[in-house]
Amino acid sequence: MRVTCDTNVLVRAALTPAGAASDLLEIIVRDHILIASLPILAELLEVLQRPRLSNLYRLDTRTIQRFVGQLHRTATIVPLPTQLPAVVLRDPRDNPIVLTAVLGIAGVLCTRDQHLLDPSVSGFCASHGVRLLTDIELLTELRQR
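Residues numbered from 1 in each chain as written. Predicted model: local features only at pLDDT ≥ 70, side-chain atom pairs only at ≥ 80, totals over all residues. Heavy atoms only, no water.

## With respect to the sheet that holds strand β2 (residues 33-36)
Paired through backbone hydrogen bonds, the strands of a sheet run either parallel or antiparallel to each other.
Okay, so step 1: With respect to topology, five strands assemble into an open sheet ordered β3-β2-β1-β4-β5, the strand pairing being parallel. Two strands in the sheet have a free side with no partner beyond their single neighbour: β3 (76-77) and β5 (131-133).
Okay, so step 2: Bridge count between strand β4 (residues 108-110) and β5: three bridges; the pairing is parallel. Looking at β5, one finds that Leu-109 is bridged to Leu-132. (Pairing = 2+ DSSP bridges. Helix = DSSP H or I, 4+ residues; strand = E, 2+ residues; numbered from the N terminus.)

In structure tokens, the structure reads:
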């Protein structure tokens, strides 16, 4: 299965190595194909470097760069066009996430973002064969296989 993980899922995997998002990411990388793009990885890097998070979770620059670099090496990186169509009207910053999944021919876009779970976005994704699942839903599905 080809899976795109939203930045919020990847952040949770980085912050809680013993958590569900980390388990999910491990299964995806081991048994499936992780689909990502440079905008997703750039947002992940930016979020993890926020002082509040890095201090609270004791993440140093080297650890953060290692995590993001490993994802970059492991994932299939999808190039995105410079002009992105407006799919997520309530939060246009989420357009690269949706388009990474669609252009990367992902079967699942894993997210906890309510903007992406909006019916108009889920309808757009469904029309391209992409299901929207939370990390818990996808983890449950993959463990049942």
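There's plenty left to go through after this.
## Thoughts on helix α2 (residues 20-31)
Okay, so step 1: Along its 12 residues, α2 runs 16 Å from first to last C-alpha, staying within 8% of the 16 Å computed at 1.5 Å per residue.
Okay, so step 2: Listed as buried for α2 are Ala-21, Ser-22, Leu-24, Leu-25, Ile-27 and Ile-28.
Okay, so step 3: Looking at the packing, one finds that the buried side of α2 touches β1 (2-5), α1 (7-15), β2, α5 (61-74), β4 and α8 (135-144). (Expected span 1.5 Å × (residues − 1). Buried < 20%, exposed > 50% of the residue type's maximum accessible area, 1.4 Å probe, protein only. Contact = heavy atoms within 4.5 Å.)

## Considerations on the pairing of β2
Okay, so step 1: Strand direction decides the pairing type here: β1 and β2, joined by three bridges, are parallel. Note that in β2 the partner of Thr-4 across the bridge is Ile-35.
Okay, so step 2: Note that β2 and β3 share two bridges and pair parallel. The residue bridging Ile-35 from the neighbouring strand is Thr-76, located in β3.

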